[in-house]
Amino acid sequence: MNRRDLIAAAGACAALPSMVGAARGQPVPIGEPVRASVSFRVNGAGHHLELDTRTTLLDALREHLKLTGTKKGCDHGQCGACTVLVDGQRINSCLTLAVMNQGSEVTTIEGLGSVDNLHPMQAAFVKHDGFQCGYCTPGQICSAVAVLDEIKAGIPSHVSADLEGAMAVSEAELRERMSGNICRCGAYSNIVEAMTDVAGRQG
Amino acid sequence: MKFDKPATDNPIDRLQVVGQPRDRIDGARKVTGTARYAYEHHDVAANQAYGYVVGAGIAKGRIASIKLDAARKAPGVLAIVTAKEAGKLNKGKRNTARLLAGPEIEHYHQAVALVVAESFEQARAAASLVEIAYAPTKGTFDLKKVKDSGKKPEGDDPSLDDTNVGDFPGAFESAQVKLDQSYTTPDESHAMMEPHATLAAWEGERLTLWTSNQMVAWGVADMAATLGISKDNIRIMSPFIGGGFGGKLFLRSDVLLAALGARAAKRPVKVALQRPLMINNTTHRPATIQRIRIGATREGKITAIGHESWSGDLPGGGPEVAVQQTRLLYAGANRMTAMRLVELDLPEGNAMRAPGEAPGLMALEIAMDEMAEKLSLDPIAFRMLNDTQVDPEKPERPFSMRQLGECFRVGAERFGWSRRQARPGTMRDGHGLIGFGVAAAFRNNIVMKSGARVSLDSQGIVTVETDMTDIGTGSYTIIGQTAAEMLGVDLYKVVVRLGDSAFPVSAGSGGQWGGNSATAGVYAACVKLREAVAQKLGINSGEAVFEGGDVKAGNRSLPLASAAASGPLTAEDTIEYGDLDETHQQSTFGAHFVEVSVDTATAETRIRRMLAVCAAGRILNPKTARSQVIGAMTMGAGAALMEELAVDKRRGFFVNHDLAGYEVPVHADIPHQDVIFLDETDPMSSPMKAKGVGELGICGVGAAIANAIYNATGVRVRDYPITLDKLIRHMPDAA
Amino acid sequence: MRAFTYEKAASPAEAATAAARNAEAKFVAGGTNLLDLMKLQIETPTHLIDVNGLGLDTIEATPEGGLRIGAMVRNTALAADARVRRDYAVLSRALLAGASGQLRNRATTAGNLLQRTRCPYFYDTAQPCNKRQPGSGCSALGGFSRQLGVVGTSDSCIATHPSDMAVAMRVLDATVETVKPDASTRSIPLAGLHRLPGSTPHLETALEPGELITAVTLPKPAGGRHIYRKVRDRASYAFALISVAAVIQRDGRGKVALGGVAPKPWRVEAAEAELPRGAKAAAKAMFAGARPTDENAFKLPLVERTLAAVLAEARG
């Protein structure tokens, strides 16, 4: 084997394996973990955590608070499965550090309702079969709840014909606003029916 | 129970519970986030550590050296697994490439190491310190370029053979109207929302795996083979699976690495494949190049039909069986099919939702549309002219049930097909060119041996246990409905426990065989339990009627629960099949109708309406079955319009290997979807008289969209996905 | 992801000073792009300076009749601001065409400007990429380039800037305000914020080490029809294949910028004189010197047709 054929690559990553003469990737030192404390409320209960600063809000919920209802689908903001409400707004919990959420009020799927006391949106998802495998479902439901609030608040969307004035609960609006939540099982048609049902009852 | 004669009347026919659109019995758990998936079992094993997978940075070659020192010394690291550390590993019979590579690298992102640490953050950081030197070798990555080197697939599976009936070359040559076209479908990814994930825990020699696997018994067998240990020492649990679509049929690297990591770290270890690694690390639907030839009389009777398909896979892999449906879908005395397989060094190709038929119909059903146009026939009329009630290769062999024509008739009426303009490019709405498209749906019904255990307790609670899985299909619910119907109890009285290898081996979830086969297994076990109950209550089992929570015979009526007063009653059985699927061709049928709008300026295609009409035997639960169909239609829309794994033909990998790069449909892509199930019971399929439906919905829908785009624009695209760059230069002037 | 220390800055100037002290420090605002890249070991800071909570999250009228948008104003808040909706609709439209509701709720104005390319080779650390690892080569040239740039690119890099918002801001003649570690401030026209790759594609902006964006200002409303047209394969939650931001006046004159075609929001002021003559002439002028690949050459006719539709809409 020719020495020049050996090209280093670090881990999953770095450098260039299959081209001769290209740059070598030297792994950077990763350092000692830094711990920091953070306090926030989740579903009404206060939590104080000592965490590695690298911990995302998603992993703080799933691995530290063991609230596994919030799902990790991609960990890169590309699927929406990790959607939670922070101070009433929906966000991707995979793309925020836990320590950045000091003092926040977090609502997860577990905080919306329970098996014996479903939130109206959860009940509508069951009734309209707005899910199949269930993995994107908590994110869809958190998003759905927030979307109806966003429409009420008059926040426009990409498909709003008029940027000003009141926003409508139309199918087109719901589909656009829910597009950050991917469902590979393809329950979209039913999810919009569930949301329309809830929006109608809210009047 | 042996099912070898057509089903006669049985308790399922009462349809008190079965056939009803019941809500999912696991629904409340899924919508509250309390259904536990593989990575979420915090409570089952103490002291869980985290694994992070390192994937190969080259497509083919060898690892020259791995430096682990820096990673080993990194904070929190407990163990590192590589092929060298792992020692001898075998390969399960259902895997083509090894799940842990080294020193040979067979494909990009093949796992080469697992770093185990106290925390996820530590494992991920340390993984970046694993330093690997590769000696790459030249690989083959371009299907089109090496197509002609394709060989007949090896092995004794007759479905891979070339077929020839009559004189295809002669009949095609002399046909009055002919079509000879090529079509391509790209590599596609399952992209299920839950990444492959496993928690592994050893207790001495015994290994317990909480994982996400569609086929529990296959997983146990392949894991035992890979590790060289006894199957008895492995327990797999997959109670909830966040989507599979074929991508979780087989043992994948998360399972093996979690087990090896747990052994090395002497602690339970959990591993989830990182999303950017998944697409190249796991399996995908292979790309195809297909050639279709159809010859017909001027009146539109097919006299010759030929379908050839080329696909690639790693050495030892198999072809995409894209010609399968063409053997059965349309009449024609002279016919041929053939598949050719080339060796490619891309990641492993394997089953994805409706393997074979999904890409096969994407080609065949465009060809039928093109042929109809050549014949100046309506595309539905052309298909109906060539409908058949018998296997066209063996006319003595009838279909058990075939309502393709009725699917088209009902669908055409509901959809308003008569409003379609035959001349392309003539319908317009605002800035959109409007087109209607249609295609046949076809998928074979496969029956699989399937077992279950059913027990009754003194409270009248019925518990069903089987290793069957629910991948979103609704297995929990239809199994519960089956047991409730058989024992005459309300659905809420039934507890269903799935996905545990400690339970009787079932059909598992794949090939749309799961629903019919697994409920048939439950039916068999329930028949046995009914006999045990009758005997216990001193009732003649032939007379016993189970209803309303009671068992009745003549004037007598006793509470069902009383049979278990002195202790639970348990029965176990397995449904096995005779040759009804040999004597009769069992298939499912449908018709897809699609309306699209193609933007006059940008050539962006958006779907406005979708309708599927399905004939698929008894529909066990119209609500969950409908969800299966709309979900499959959605995946088919992705295949038609956007899904394509982009191959880097120099470096040999799928470049767009995450959910931003590999686009699947989002809410805004999918309109309201209509589904109609024709009333059908098929006594040849099982005592349930049901057939599969989970894959039928994806079969043909892509071609219906392609045909609608043609109808809208007059531009015929034969290479999927039909993205705007393939239309833009041929679009009429926007003004 | 490397271990990092974390601090919440007390003021914009202190944040800049803190950043200048540590060459491996990064500001974190919304985090929606930075954390994504840190997880992949593409960004490897050892210190994060959280610049949320510095009071940079308000939108105020300027004495000149324009708007001053705080750097930490979230994309949703900016898109929904009544003044933006009324007077700068192209900006509202561009924001709403980007990302998803969840991401827009966290992503900030400055972060959106400074987001990095989505070139798939930049994202795969096993592949050569001059932007990620200077001198290693460009995998996209001769590789999968359908999404990538057609103009303003170089032999070193054909990546695009992925923002929608920045394209609208470019057409609105926005200016970026910054504070430097020495507490001095400056204004940079948006046109000058992003650099073209040349032979140094890893150098992406005109910002100096530690320099923090504090606001973006918009001049007073120019009137006209505001249109943002984004073209993509998927109907939502996808980066642009191309996009057109336009402000067109009644007489047919106007301003146009393009997204998805270049390493920065692409505007050629000289080409705008051609607008009254139609899309063909304007597109031709904007694409002077364009060097598309076989895979992305479709972007040229696509822009021309889309621009024609935009101009027609503006007339209509």
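Treat the numbers as computed from the prediction; the structure is a model and nothing was measured.

## Here we look at helix H13 (residues 475-487) of chain B
Residues and elements named next belong to chain B.
Argument step 1. Here H13 contains 13 residues, and its C-alpha end-to-end distance of 18 Å stays within 8% of the 18 Å for a straight helix at 1.5 Å per residue.
Argument step 2. Counting buried positions over the 13 residues of H13 gives 13, a clear majority of the element.
Argument step 3. Within two residues after H13, Gly 488 carries a phi angle of roughly 65°, on the positive side.

## Points about the interface of chain A and chain B
Argument step 1. Opposite the 73 residues of chain A that make contact, chain B presents 81 residues.
Argument step 2. Across the chain A to chain B interface the summed buried area is about 6100 Å²; carbon plus sulfur atoms make up 58%.
Argument step 3. In terms of surface lost to chain B, no three residues of chain A exceed Gln132(A), Arg184(A) and Tyr188(A), which account for 14% of the buried area on that side.
Argument step 4. At the boundary of chain A and chain B, one finds five salt bridges.
Argument step 5. Glu643(B) is the partner of Arg184(A) in a salt bridge, and the nearest nitrogen-oxygen pair spans 2.7 Å.
Argument step 6. Across the chain A-chain B interface, the total number found is 31 residue pairs in polar contact (both at pLDDT 80 or more).
Argument step 7. Among the secondary structure elements, those contributing two or more residues to the side of chain A that touches chain B are strand E1 (7-10), helix H1 (57-64), helix H2 (109-112), helix H3 (120-127), helix H4 (137-152), helix H5 (171-177) and helix H6 (188-202) of chain A.
Argument step 8. A per-element tally of the side of chain A that touches chain B places H6(A) first, with six residues.

## Section: the UniProt feature "domain: FAD-binding PCMH-type" (unreviewed entry) in chain C
Argument step 1. Under the UniProt annotation, the feature "domain: FAD-binding PCMH-type" (unreviewed entry) is placed at residues 1-223 of chain C.
Argument step 2. Here residues 1-223 of chain C is 26% helix and 16% strand, with 47 Å between the C-alpha atoms at its ends.

## Brief notes about the environment of Lys180(C)
All names here are of chain C.
Argument step 1. Mapped onto the elements, Lys 180 comes out in the loop between strand E6 (175-179) and strand E7 (185-189).
Argument step 2. Lys 180 gets classed as buried once you look at its relative accessible area, which sits at 17%.
Argument step 3. The spatial distance from the C-alpha of Lys 180 to the C-alpha of Gly 31 is 21 Å, given a sequence separation of 149 residues.
Argument step 4. Apart from the residues lying within four places of it in its own chain, the contact partners of Lys 180 are Ala 16, Arg 186, Glu 208 and Glu 211.

## Description of the domain arrangement of chain A
All names here are of chain A.
Argument step 1. When cut into domains, chain A gives domain 1 (35-111) and domain 2 (120-202).
Argument step 2. A C-alpha centroid distance of 22 Å is found between domain 1 and domain 2.
Argument step 3. Counting residues at the interface gives 15 residues for domain 1, matched by 14 residues for domain 2.
Argument step 4. A buried area of about 1200 Å², summed over both sides, lies between domain 1 and domain 2, and 55% of it is on carbon and sulfur atoms.
Argument step 5. Looking only at domain 1, the three residues that lose the most surface to domain 2 are Lys 71, Arg 90 and Ile 109, adding up to 48% of its buried area.
Argument step 6. The salt bridge partner of Arg 90 is Glu 150, with a shortest N-O separation of 2.9 Å.
Argument step 7. For the pair domain 1 and domain 2, the interface holds eight residue pairs in polar contact (both at pLDDT 80 or more).
Argument step 8. The element that contributes the greatest number of residues to the side of domain 1 that touches domain 2 is strand E4 (residues 83-86), accounting for three residues.

## Description of unusual backbone geometry
Argument step 1. Residue Pro103(B) follows Gly102(B) across a cis peptide bond; omega there is -10°.
Argument step 2. Within the secondary structure layout, Pro103(B) lies in the loop between helix H3 (83-86) and strand E5 (104-105).
Argument step 3. Of note, the bond from Tyr720(B) into Pro721(B) is cis; its omega dihedral lies within 30 degrees of zero at -5°.
Argument step 4. Backbone geometry at Ala183(C) places phi at a positive 75°, although glycine is not the residue there.
Argument step 5. For Ala183(C), a relative accessible area of 46% puts it in the partly exposed group.

## Let's talk about the packing of aromatic side chains
Residues and elements named next belong to chain B.
Argument step 1. Following the criterion strictly, the structure yields 19 aromatic pairs over all chains and no others.
Argument step 2. An angle of 75° between the planes, with centres 6.5 Å apart, marks the rings of Phe 408 and Phe 593 as edge-to-face. Of this pair, Phe 408 sits in helix H12 (residues 404-415) while Phe 593 is found in strand E28 (residues 587-599), placing the two residues 185 residues apart along the sequence. Both residues of the pair, Phe 408 and Phe 593, count as buried.
Argument step 3. Where Trp 417 meets Phe 436, the ring centres are 6.3 Å apart and the plane angle is 35°; that geometry is what we call tilted. Of this pair, Trp 417 sits in the loop between H12 and strand E19 (427-429) while Phe 436 sits in strand E20 (residues 432-444), and the two are 19 residues apart along the sequence.
Argument step 4. By relative accessible area, which is 7% here, Trp 417 ends up buried.
Argument step 5. Grouping aromatic residues by their ring pairs yields a cluster made of Phe 408, Phe 415, Trp 417, Phe 436 and Phe 593.
Argument step 6. In this arrangement the basic side chain of Arg 293 is found over the ring face of Phe 172, its NZ or CZ atom lying 5.8 Å from the centre.

## Side note on the nonpolar core
Argument step 1. Residues Met223(B), Val533(B), Phe593(B), Ile705(B) and Val261(C) are the most contacted members of the largest nonpolar core, which totals 299 residues.
Argument step 2. Ranked by size, the runner-up nonpolar core spans 53 residues in total, among them Ala16(C), Ala71(C), Val176(C) and Leu218(C).

## Description of the interface of chain C and chain A
Argument step 1. Taken together, the contact between chain C and chain A spans 48 residues of the former and 60 residues of the latter.
Argument step 2. Together chain C and chain A conceal approximately 4100 Å² of surface at their shared face, both sides included; 55% is due to carbon and sulfur atoms.
Argument step 3. Taken together, chain C and chain A are joined by one salt bridge.
Argument step 4. Among the salt bridges present, the one from Lys39(C) reaches Asp75(A), with a minimum N-O distance of 2.8 Å.
Argument step 5. Those elements that place two or more of their residues in the side of chain C that touches chain A are strand E1 (5-8), helix H2 (34-39), strand E3 (47-50), helix H3 (75-80), helix H4 (82-87), helix H5 (89-96) and helix H6 (101-106) of chain C.
Argument step 6. Partitioned by chemical class, the residues of the side of chain C that touches chain A number 19 nonpolar, 18 polar and 11 charged.

Calculation rules
- Residues numbered from 1 in each chain as written.
- Chains lettered and ligands numbered in written order.
- Predicted model: local features only at pLDDT ≥ 70, side-chain atom pairs only at ≥ 80, totals over all residues.
- Heavy atoms only, no water.
- Helix = DSSP H or I, 4+ residues; strand = E, 2+ residues; numbered from the N terminus.
- Expected span 1.5 Å × (residues − 1).
- Buried < 20%, exposed > 50% of the residue type's maximum accessible area, 1.4 Å probe, protein only.
- Contact = heavy atoms within 4.5 Å.
- Buried area = accessible area lost by both parts, 1.4 Å probe.
- Salt bridge = Lys/Arg side-chain N within 4 Å of Asp/Glu carboxyl O.
- Polar contact = N/O pair within 3.5 Å; in protein donor to acceptor, adjacent residues only side chain to side chain.
- UniProt positions renumbered as here; feature names shortened; annotations may be inferred.
- Domains from an automatic or database assignment.
- Phe/Tyr/Trp six-rings, centres within 6.5 Å; stacked < 30°, edge-to-face > 60°.
- Lys NZ or Arg CZ within 6 Å of the ring centre and 35° of its normal.
- Core = buried A, V, L, I, M, F, W, Y, C linked by side-chain atoms within 4.5 Å.
- Nonpolar A, V, L, I, M, F, W, Y, C, P; charged D, E, K, R; others polar.

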